[in-house]
Amino acid sequence: MQDLTSTNSATQATPLTAERNIQLLVLDIDGTIAGADNQIREPVKKAVQAAQAKGIQVAIATGRMYQSALRFHHEIGATLPLMVYQGALVKDPRTGIVHRHWTVPRHLALELLDYFEQPELRSLLSVHFYINDQLYVREITPATEDYISRSTVRPIPVGDLRCTLDTEPTKVLALTNDPVLIDTVLGDLRKRYTPAELYLTTSVATFFEATNPRVNKGTAVQYLAEDYLGIGAENVMVIGDNFNDVEMIEYAGIGVAMGNAPEGVQARADWVAPDVEVDGAAVAIKKFLL
């Protein structure tokens, strides 16, 4: 990734901006284009529309389910395939064509479930299995209710999640209201599994996520740019706000982190935009693309 002007200032000029030929803009949803109200605000929509009017194509890459991300895809007028589940599923809403679907091996999903159901963890974690774009849960907990209030999906309680594993899950998620516990779970499972076995990340501080090892937003954006559009990383700009965005931030010619992103994410970006609640994505789009 080429270095622009690494700065936390939203106003400092970046000399290399004019040299860039950005043809693809990729946006995360939560914490990037949608803040606490779960909506895309008008300044962000208008900035996206202005970029599209200049011939720049826009796509979404998110950890969300396909059915949950679809309204945001439509709101920004995207016409490219939608990258969801951290890039595990790449699907074109216009045609229904699935370009990629990488699932969690069944034996690893079972091992993760055994880990989450240890006596000291079982009552603290809500476990979600995502299969065929449906959300399966052991039971509906307060953490699950908070999740579905934002994602607007209907969970399917099944009791024992093992009964769902005739089909491999697209993603496994464990959530709680305790970010320290999530850090502990992430650290522990990263000792148990190599990156060649599982891709482990956090999309927000209280979400632990596991996917197929080939999955991350970076590989999804690379597929969309190079294989689908026939352009290079230098023609791509991305904006994200959390650790699951790091790979695509590092891949892109211009990688932007939001002002509300953790410091570890900001440190990997070319530039840091203002906070999502003050429409930082719009500021970044105007700075580099308009």
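This text goes with the structure placed above it.
These numbers were taken from a predicted model, which means no experiment stands behind them.

1. Digging into the packing of aromatic side chains
Consideration 1: Per the counting criterion, the structure on display carries 6 aromatic pairs.
Consideration 2: An aromatic cluster is present here, built from Tyr85, Tyr130, Tyr147 and Phe207 joined pairwise through their rings.
Consideration 3: Residue placement shows Arg100 over the ring face of Trp102; its charged tip is 4.0 Å from the ring centre.
Consideration 4: Over the ring of Tyr130 we find Lys171; its NZ or CZ atom is 4.9 Å from the centre of that ring.

2. Overview of the pairing of strand β7 (residues 134-137)
Looking along a regular strand, one sees side chains alternate from face to face of the sheet.
Consideration 1: As paired elements, strand β6 (residues 126-131) and β7 share 4 bridges and run antiparallel to each other. The residue bridging Ile131 from the neighbouring strand is Gln134, located in β7.
Consideration 2: Here β6 folds back onto β7, and the loop between the two strands holds 2 residues, one of which, Asn132, carries a positive phi near 50 degrees.
Consideration 3: Note that β7 and strand β8 (residues 155-157) share 3 bridges and pair parallel. Residue pairing for β8: Tyr136 is matched across the bridge by Ile156.
Consideration 4: With helix α5 (residues 142-151) bridging β7 and its parallel neighbour β8, the resulting β-α-β unit is right-handed.

3. Notes on helix α7 (residues 217-229)
Consideration 1: Restricting attention to buried positions, one finds in α7 the residues Lys217, Gly218, Ala220, Val221, Tyr223, Leu224 and Ala225.
Consideration 2: For α7, the capping residue at the N-terminal end is Asn216, with a side-chain oxygen 2.7 Å from the backbone nitrogen of Gly218.
Consideration 3: Positive backbone phi, approximately 75 degrees, marks Gly230, located one or two places after α7.

4. What to know about the sheet that holds strand β9 (residues 171-175)
Consideration 1: Ordered in space as β8-β7-β6-β9-β11-β10, the 6 strands form an open sheet in which the pairing is mixed. Of all the strands in the sheet, the pair left with one neighbour each is β8 and β10 (199-202). Taking each pair of neighbouring strands and ignoring which way they run, the sheet shows an average axis angle of 25 degrees.
Consideration 2: With respect to the sheet, helix α6 (residues 179-192) is in contact with β9, β10 and β11 (207-211), its orientation differing from that of β10 by roughly 165 degrees.

5. Overview of the pattern of salt bridges
Consideration 1: Per the stated rule, a full pass over the model turns up 16 salt bridges.
Consideration 2: Between Arg162 and Glu117 there is a salt bridge, and its shortest N-O distance comes to 3.1 Å. Of the two residues, Arg162 sits in the loop between β8 and β9 while Glu117 sits in the loop between α3 (106-116) and α4 (119-122), which places them 45 residues apart along the sequence.
Consideration 3: Residues Glu209 and Lys171 are paired through a salt bridge, measuring 2.8 Å at the closest nitrogen-oxygen approach. Of this pair, Glu209 sits in strand β11 while Lys171 is found in strand β9, placing the two residues 38 residues apart along the sequence.
Consideration 4: The class for Lys171 is buried, based on a relative accessible area of 1%.

6. Some thoughts on the nonpolar core
Consideration 1: With 51 residues, the main nonpolar core has Leu25, Tyr147, Met237, Ile239, Val256 and Leu289 as its most contacted residues.
Consideration 2: The dominant element in this core, judged by the number of residues it contributes, is helix α10 (residues 280-289), at 6 residues.
Consideration 3: Formed by 28 residues, the second largest nonpolar core is a distinct cluster that contains Tyr115, Leu121, Leu165 and Ala174.

7. Examining the packing of α3 against α6
Consideration 1: At a closest axis distance of 12 Å, the pairing of α3 and α6 adopts a crossing angle of 135 degrees. On the basis of the axis angle, α3 is oblique to α6. The element α3 and its partner α6 pack so that their crossing is right-handed. Across the interface between the two elements, Leu112, Tyr115 and Phe116 from α3 touch Val185, Asp188, Leu189 and Arg192 from α6.
Consideration 2: Partitioning the contact of α3 with α6 into residue classes produces 5 nonpolar, no polar and 2 charged.

Rules of the game
Residues numbered from 1 in each chain as written. Predicted model: local features only at pLDDT ≥ 70, side-chain atom pairs only at ≥ 80, totals over all residues. Heavy atoms only, no water. Phe/Tyr/Trp six-rings, centres within 6.5 Å; stacked < 30°, edge-to-face > 60°. Lys NZ or Arg CZ within 6 Å of the ring centre and 35° of its normal. Pairing = 2+ DSSP bridges. Helix = DSSP H or I, 4+ residues; strand = E, 2+ residues; numbered from the N terminus. Right-handed = clockwise from strand over helix to strand, strands pointing away. Buried < 20%, exposed > 50% of the residue type's maximum accessible area, 1.4 Å probe, protein only. Polar contact = N/O pair within 3.5 Å; in protein donor to acceptor, adjacent residues only side chain to side chain. Axes fitted to C-alpha atoms, helices over the stretch in contact; angles between N-to-C directions. Contact = heavy atoms within 4.5 Å. Salt bridge = Lys/Arg side-chain N within 4 Å of Asp/Glu carboxyl O. Core = buried A, V, L, I, M, F, W, Y, C linked by side-chain atoms within 4.5 Å. Parallel < 35°, antiparallel > 145°, perpendicular 65-115°, else oblique. Left-handed = near helix turned anticlockwise from the far one by under 90°. Nonpolar A, V, L, I, M, F, W, Y, C, P; charged D, E, K, R; others polar.

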